[in-house]
Amino acid sequence: EAGVTQFPSHSVIEKGQTVTLRCDPISGHDNLYWYRRVMGKEIKFLLHFVKESKQDESGMPNNRFLAERTGGTYSTLKVQPAELEDSGVYFCASSQAAPPYEQYFGPGTRLTVT
Amino acid sequence: GDSVTQMEGPVTLSEEAFLTINCTYTATGYPSLFWYVQYPGEGLQLLLKATKADDKGSNKGFEATYRKETTSFHLEKGSVQVSDSAVYFCAYPFYNQGGKLIFGQGTELSVKP
């Protein structure tokens, strides 16, 4: 069974540009989460999808971030326009809709904004 | 507020040394507690967990005991190997908020031969 995959693994963009990160969850996982780790600090929750619906987006930093989950399958996270403080590692995780709800993480996308 | 605090890294040990990574948490109630590990170039993996007070989680020689009285979940291993070099994260889930995880800042462990 394939795990959670993320693309790209690395992205370097200039301030003001747009970047789109993609996450493909484990097949059949209704729950999809986005997290971010900035500069060696704690990993912070960004948002949670249940199928195609946003369940909780309380962690989204501001309206420059837009997340979608097409048809309840893969998800994208767009940053537009990117700012320096958006640099970090963006993780995606997925879990089943039933206990034990263990989240399986992707390898992350390292975003560098210069 | 809800938070997890881990000992700061990086931690550098020689092979076969004893490891302790401290973790304390602030939460409403008594959540399940997790340790995640991120090996170089890989995603986060659940290393071990404990679901209630006094439970001991264990895996791959690592152990952690859920201490309600000290709100702690310290990670220990009696004899580390070079292959244990990774970043370790303590975390707990908000099950009544969709299961999102609250993480500590991570502790980088480097084990030298």
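Residues numbered from 1 in each chain as written. Chains lettered and ligands numbered in written order. Predicted model: local features only at pLDDT ≥ 70, side-chain atom pairs only at ≥ 80, totals over all residues. Heavy atoms only, no water.

**Q** Looking at this structure, how should I read the state of the cysteines?
**A** Each disulfide is one covalent bond, formed between the sulfur atoms of two cysteines. Per the counting criterion, the structure on display carries 2 disulfides over all chains. Note that Cys23 of chain A is cross-linked by a disulfide to Cys92 of chain A, the S-S spacing being 1.8 Å. Between Cys23 of chain A and Cys92 of chain A the disulfide shows an S-S torsion of about -60°. By sign, it is left-handed. Residue Cys23 of chain A is found in strand E3 (residues 19-24), and its partner Cys92 of chain A is found in strand E9 (residues 88-95); the two are separated by 69 residues along the sequence. The disulfide partner of Cys23 of chain B is Cys90 of chain B, and the gap between their sulfur atoms is 1.9 Å. The disulfide joining Cys23 of chain B to Cys90 of chain B has a torsion of about -70° about its S-S bond and is therefore left-handed. Note that Cys23 of chain B is positioned in strand E4 (residues 23-26) and Cys90 of chain B in strand E10 (residues 86-94), a separation of 67 residues in sequence. Judged by relative accessible area, Cys23 of chain B falls into the buried class, the value being 0%. (Disulfide = S-S within 2.5 Å. Helix = DSSP H or I, 4+ residues; strand = E, 2+ residues; numbered from the N terminus. Buried < 20%, exposed > 50% of the residue type's maximum accessible area, 1.4 Å probe, protein only.)

**Q** Can you help me understand the sheet that holds E3 of chain A in this one?
**A** Residues and elements named next belong to chain A. Spatially, 4 strands are ordered E1-E3-E8-E7 in an open sheet, and the strand pairing comes out antiparallel. Of all strands in the sheet, those bounded by a partner on one side alone are strand E1 (5-7) and strand E7 (65-69). Direction aside, neighbouring strands of the sheet carry axes that sit 15° apart on average. Looking at chain direction, E3 and strand E8 (residues 75-79) are connected through 5 bridges and run antiparallel. When the bridges of E8 are listed, Arg22 appears paired with Thr76. (Pairing = 2+ DSSP bridges. Axes fitted to C-alpha atoms, helices over the stretch in contact; angles between N-to-C directions.)

**Q** Would you explain the sheet that holds strand E8 (residues 62-65) of chain B in this entry?
**A** Paired through their backbone hydrogen bonds, the strands of a sheet run either parallel or antiparallel. Residues and elements named next belong to chain B. A sheet is described by the order of its strands in space; here 4 strands give the open sequence E3-E9-E8-E7, paired in antiparallel fashion. Each edge of the open sheet carries a strand with a single partner, namely strand E3 (19-21) and strand E7 (56-59). Neighbour-to-neighbour, the strand axes of the sheet open up by a mean angle of 15°, direction not taken into account. Bridge count between E3 and strand E9 (residues 75-77): 3 bridges; the pairing is antiparallel. Within E9, the residue paired with Leu19 across the bridge is Lys77.

**Q** Would you mind showing me how to read the environment of Cys23 of chain B here?
**A** Measuring from C-alpha to C-alpha, the distance between Cys23 of chain B and Gly104 of chain B comes to 7.9 Å, with 81 residues separating the pair along the chain. When sequence neighbours within four positions are dropped, the list of residues in contact with Cys23 of chain B reads Val4, Thr5, Gln6, Trp35, Thr71, Ser72, Phe73, His74 and Cys90 of chain B. (Contact = heavy atoms within 4.5 Å.)

**Q** Whenever I open this one, the interface of chain A and chain B confuses me. Can you help?
**A** Where interface size is quoted, it is often the accessible area lost as the parts come together. Counting residues at the interface gives 19 residues for chain A, matched by 20 residues for chain B. Taken together, both faces of the contact between chain A and chain B bury some 1,400 Å²; the carbon and sulfur share is 57%. Of all residues in chain A, Arg37, Ile43 and Phe105 of chain A bury the most surface against chain B, accounting for 33% of the area lost on that side. In this assembly, chain A and chain B are joined by 1 salt bridge. Linking Asp56 of chain A and Lys100 of chain B is a salt bridge whose minimum nitrogen-to-oxygen distance equals 3.4 Å. When contributions to the side of chain A that touches chain B are tallied by element, the ones reaching two or more residues are strand E4 (31-37) and strand E5 (43-50) of chain A. When its residues are assigned to classes, the side of chain A that touches chain B shows 9 nonpolar, 5 polar and 5 charged. (Buried area = accessible area lost by both parts, 1.4 Å probe. Salt bridge = Lys/Arg side-chain N within 4 Å of Asp/Glu carboxyl O. Nonpolar A, V, L, I, M, F, W, Y, C, P; charged D, E, K, R; others polar.)

Such coordinate-based values are descriptive only and should not be taken to indicate function.
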